[in-house]
Every structure is written in C-alpha cells, then in structure tokens.
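Residue strings, one per chain:
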2 protein chains.
Amino acid sequence: MTTNREPRPGDVPPGAALLPVTVDVVALTVRDDALHVLLVERGVEPFRGALALPGGFVLPDERLGEAARRELAEETGVRTPGHLEQLRTYGPLGRDPRGPVLSVAHLLLAPEFGVVHAGSDAGGAAWHPVEHLLRDAAGHPGPDERTGATVAGRRLAFDHERILADGVERARAKLEYSALAAAFCAPEFTIADLRRVYEAVWGVRLDPRNFSRKATGAVGFLEPTGATTSGGTGRPAALYRAARPVPGPVPGRPHGQDPDDAPASVPAVLDPPLMRPSR
Amino acid sequence: MTTNREPRPGDVPPGAALLPVTVDVVALTVRDDALHVLLVERGVEPFRGALALPGGFVLPDERLGEAARRELAEETGVRTPGHLEQLRTYGPLGRDPRGPVLSVAHLLLAPEFGVVHAGSDAGGAAWHPVEHLLRDAAGHPGPDERTGATVAGRRLAFDHERILADGVERARAKLEYSALAAAFCAPEFTIADLRRVYEAVWGVRLDPRNFSRKATGAVGFLEPTGATTSGGTGRPAALYRAARPVPGPVPGRPHGQDPDDAPASVPAVLDPPLMRPSR
DNA sequence: TCCCTTTGTTGTCACACTGACGATAAAGCG
DNA sequence: CGCTTTATCGTCAGTGTGACAACAAAGGGA
C-alpha cells in the first residue's frame, strides 16, 4: 500500500528526532512447574556480562514483530514457537548510557523449547525462573520460601527488570480473560497440564476439581480430542487441544488480536473468565 | 541516570535503522451522553484535509508522554487535563506514504475541555462522535440507528482508524476493572454522572439501581463528599469524588500504573469489577 | 396547597458462579 | 487384590447479578 524506502531528511520536520529502535522480547515458558524467562548474557558493552532480555536493533524495512522473531532466532538458534504480541514501548531517555534508544518490548508465550547455540553478541541463552528475578517489584509473594536461596538478587541490564515485570503481569492478566494459557502447552494437553500452567504463572495452588469444571465449562477454550493419556501413574486423563478461534469477529466483544503481530496461534476471549484467587 | 545526548552513528550497529518517531493521541471524552474523540483537520500533505488524531514528531531529549501532552497542547491551545497512558506502537512500515515512521499511540481520558485555537499545521481541532467513525470495525452495534445519517463513513488519515478502534477498546475494557471512569468526570460527580459515562463508553443502558449498588460497593472507587446536588429537576443526588489510590503497592494485585506516563490522577484496580453486560 | 412528574436510593428475590470438599473412577504397583 | 495416585463428578453454602418493586426528595403546575 506504500513504499518501503528509507525516510529522507526532507520528510521529517527540522528538529524532529531520528531514533534508534530496538525490540526486546520477554519470552516466558513453564518449566518444572515454575515460570521461566529466556535471558542472554551480554557479550558487549554496556552491561557486558549481565543478564538481559534477548533483543536488538530493528533493521530498515523490517516490521516490529519480524524483528522480534529474528532476534530471538539469532540468539537462541531456533525458530521459536508460541504466541507473540507487542507489550509496550520504553524510552527513549534514561535507559541506555549510549544515548536515547526506543525499545518496543514484545511478549512471547511458548512451550519450552531447547536453546541451541550462543549468538554472535550474546554469550548463550538460557531459561531462568522469574521468581528470583522479581523479588522487590510488586510481584506475588511466592508459594514457598526456600531456605537455600539461589541467584536471588541478580540484576538485569538496562531497564529489563521493569520490562520483565510488565511482561509477567501482562501474562498473568491475560490468563484470566483469554485462552492464552494453551500457548504454553504442547498441541495436545490435559486439564492437569493446563492447571499447572495457571499455577506456575499465578504462583498459587488451584483446586483440581474446581479448575476442571471451569476450564471445560468456558466456551471457546478447549476441544476434546477423544484420546486419553496412557502409561503414566494414576488414572488416564482426557486430552484436549486449543479450540480454533471463532471465524467472524464477535459482535459485542473484543477479539484480542494484534493484527501486526504474527498470525496468532491461540487467541479469543474466555467466557466466563478464570479469575485469580484472593480477591 | 544517563546522558541525554544525541545518539552517535558509532553507537548503533551498521545496518540498524534510525526511525522518525511520532506520538498520536486518542483523546476521548463523554459529551451529550456519547463518546467523542478529538480530531484535527490536516493542513499539510499527506492526507491534507482529512481528519486525523492529534500528534506529531517526537523531539530530541523528549519523553513520549511529554511529547503527547505537548502535541495536544499545540493543536488544541489548552493544557489538557485527564488520564494519559501509552496505548500501543504502530509501524514502521505501510502506514505513511513518505516512508517508515514509528508511531507511539497514547490514550487520553478526560472530561470535556474546550478547544481554543487551530494549530500551526492543523486546521482546527474538534470533538467527533466515535460511533460514526467505527462503523465497520468490530464495534458495538450502537444503541439506535438514526435515519438521517451524518458524516458516517468519513475516513481518517493514515492508520488512525485502527488506532482509534484500539483506543476505544482499551477504554471500554479499562472501565471494567479500573476506576478510570472518574477520569471522564469533573472532580465531584454523582452516581448518575458516572453511570452515563459507562453507558456512553460501552454503548449500553444500565439499570440505575443496580449500577448504584455496584459502584458504591466497589472498594477504592468512590468517596462521598457529603454534599448533594441542588437546583436540578428531581431528587438531589449525593456527590462523590474519586478515591485516592492506596499508598503502598497492593501485594497480590497489579497497580495499573504507567510510571513513564504522567502522574496518574485516577488509578487503582476495581474490586469487584463492573463487567459489561451481554456476556 | 396538593398532586404529579422526575430523579435518586434502598430492598427483595431468583439465578448463576464460586470455593470448599466428599465421593467415585480408572489406571499402575507391590 | 488391596493400595496409591490421579482424574472426574457431585453437593452445598456463600456471594455477586439482573430484574424489578418500593420509597424518598426535590420542582412545577392547577
């Protein structure tokens, strides 16, 4: 619909700023019943050696969502699955010692994927439990306080701690009123798998009986496959997959879609919502 | 915490894009029991003569929220009141015929304010009913279909129609679980004033008796002043003001704050939420 | 002055949803 | 074959909700 050429100086009023733009990705997954975030160790200044969200500069003629997927692929070595959406824009002042930089943060919710290789300017990507990284910010109290503390107070580069907090809060909120929890699961999953996702993201324990009633009762959420699990301990569980989003736009309700982002794999609105406890 | 100098070419990797960045503002108010948006008529190409959201290029050493307030002031002639928050970032491709431009959209919820003068590059700002501007996008059906249609199909410049739709949807959603409806009202208001805000934004009719029960029952929402209205027709109504936000951060719940944005006048989370009907 | 209209506020009631928890079903394991 | 483990169904009291009756408190006109 329009040309994709470089902006010419004549297009922009004199005095307007031309800003370097980066994308940073809060990639979340559920691993060992705990919420984890993908972090890289910075190999260049500033913040060399510190942990940071994967990300980097947007290239010319590149869309924001493309840039996020590309940076993620470059720094993990794999083409990442999952649901990607824009989170919020930070800056341009007071966040990078090199000068004004605008960062468009994105949020990725995905089943756990293996990290293959260390990128060019980052010393390896790895999953880190978010609980240890958000001790001071207005996070949840946490289910249990371990005595043998790990790397509790490790600080992230730039303003990435705040971006992480915003991303986690967005994920927690979205589980309430959207079907996005399935983005953390394999294509087929049990109600218990889904419940463990909610428990890990919210940091609470949920009653399996009440959760099953609400999850299967919500319209447009789950679709039984007919198959069941086998081989594990205990009674086999029915397998479900995420329900396909409704074809036409719902009249009264929002669609919860980001048309600019990647074609969403798990969208739609949850009705009735699954609210967080302790209201 | 850092220097505010211009980015030097050496700071940015070769190949990274320097992008012009604009802010656009979806300024919403309730006027005559209908949701209105502030639009300007463009005085320069592209889209000269078309209606557009107020906005413009970010200046160097300027924060995003500051730029939004400044552009609003330049194009309306008044220092705008109300709650300002970041909405979403659009672009950089396919939205401006002059080339790639990043737009960080903002949302302003405010009581109606008079527009004073036409800005330098905009031919006058004015309030426009949103209902006429969002006929095709997944908007609500609308309370009644007038026969004598006004400027129903008028198209907005750039991708501003989509930004407007996103802003309206954000406002509709936020009324459910936040105390932001008071941002549309004068400092002191009645329950009926507040109900008319909800009815205008959601495009529905609400039962005054049930609404009164829920609004006064929600914690951290309303604070009675003790005074009542007088002079109008009917029984006088009690006056309220928005409750002050809680001092410390709530442990379990998000604060709903945007620390980068202007010091919010009306924040906090609504408990229990006031849900939109027709679930 | 006395209705009458208008608007705000309190109450009532049936229904749906929720959390707590008992009971049952269906596997593997010794 | 009981025992453990996990999944699933039922029950029941408490609570929020929509629909609606009833009452309260002003102004306006005959």
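Everything that follows concerns the structure shown earlier in this document.
Note that this is a predicted model, so its numbers are computed, not measured.

Considering the sheet that holds strand β9 (residues 222-228) of chain A
And then number 1: Spatial ordering of the open sheet is given by β8-β10-β9 (chain A), a layout of three strands whose pairing is antiparallel. Each edge of the open sheet carries a strand with a single partner, namely β8 (189-190) and β9 of chain A.

Observations concerning helix α4 (residues 191-202) of chain A
Residues and elements named next belong to chain A.
And then number 1: Under the 1.5 Å per step criterion, the end-to-end length of α4 is 16 Å for twelve residues, consistent within 8% with the ideal 16 Å.
And then number 2: Within α4, nine of the twelve residues are buried, leaving the element largely enclosed by the surrounding structure.
And then number 3: Buried within α4 we find I191, L194, R195, V197, Y198, E199, A200, V201 and W202.
And then number 4: The first or second residue beyond α4 is G203, which carries a positive phi of 70°.

Here we look at the pairing of strand β10 (residues 238-242) of chain B
Residues and elements named next belong to chain B.
And then number 1: When strand β8 (residues 189-190) meets β10, the two strands line up antiparallel, connected through two bridges. The partner of T190 across the bridge, within β10, is L239.
And then number 2: For strand β9 (residues 222-228) and β10, the ladder comprises four bridges, and the chain directions are antiparallel. In the sheet register, E223 faces β10, and the bridge partner there is R241.

Let's talk about the environment of L39 of chain A
And then number 1: Relative to the helices and strands, L39 of chain A is located in strand β2 (residues 34-42).
And then number 2: Along the sequence, L39 of chain A and V25 of chain A sit 14 residues apart, while their C-alpha atoms lie 9.3 Å from each other.

Thoughts on the protein's contact with DNA strand C
And then number 1: In the vicinity of DNA strand C, 19 residues are found, and the nearest of them are R209, R213 and K214 of chain A together with R235 and A238 of chain B.
And then number 2: Restricting attention to atoms of DNA strand C within 4 Å of the protein, one finds that 49% of them are sugar or phosphate atoms.
And then number 3: Interatomic distance of 3.2 Å between a side-chain N/O atom of R213 of chain A and a base nitrogen of DNA strand C.
And then number 4: Side-chain polar atom of K214 of chain A to a phosphate oxygen of DNA strand C: 2.6 Å apart, as the coordinates give it.

Here is what the cut-offs are and how they apply
Residues numbered from 1 in each chain as written. Chains lettered and ligands numbered in written order. Predicted model: local features only at pLDDT ≥ 70, side-chain atom pairs only at ≥ 80, totals over all residues. Heavy atoms only, no water. Pairing = 2+ DSSP bridges. Helix = DSSP H or I, 4+ residues; strand = E, 2+ residues; numbered from the N terminus. Expected span 1.5 Å × (residues − 1). Buried < 20%, exposed > 50% of the residue type's maximum accessible area, 1.4 Å probe, protein only. Near = heavy atom within 4 Å. Polar contact = N/O pair within 3.5 Å; in protein donor to acceptor, adjacent residues only side chain to side chain.

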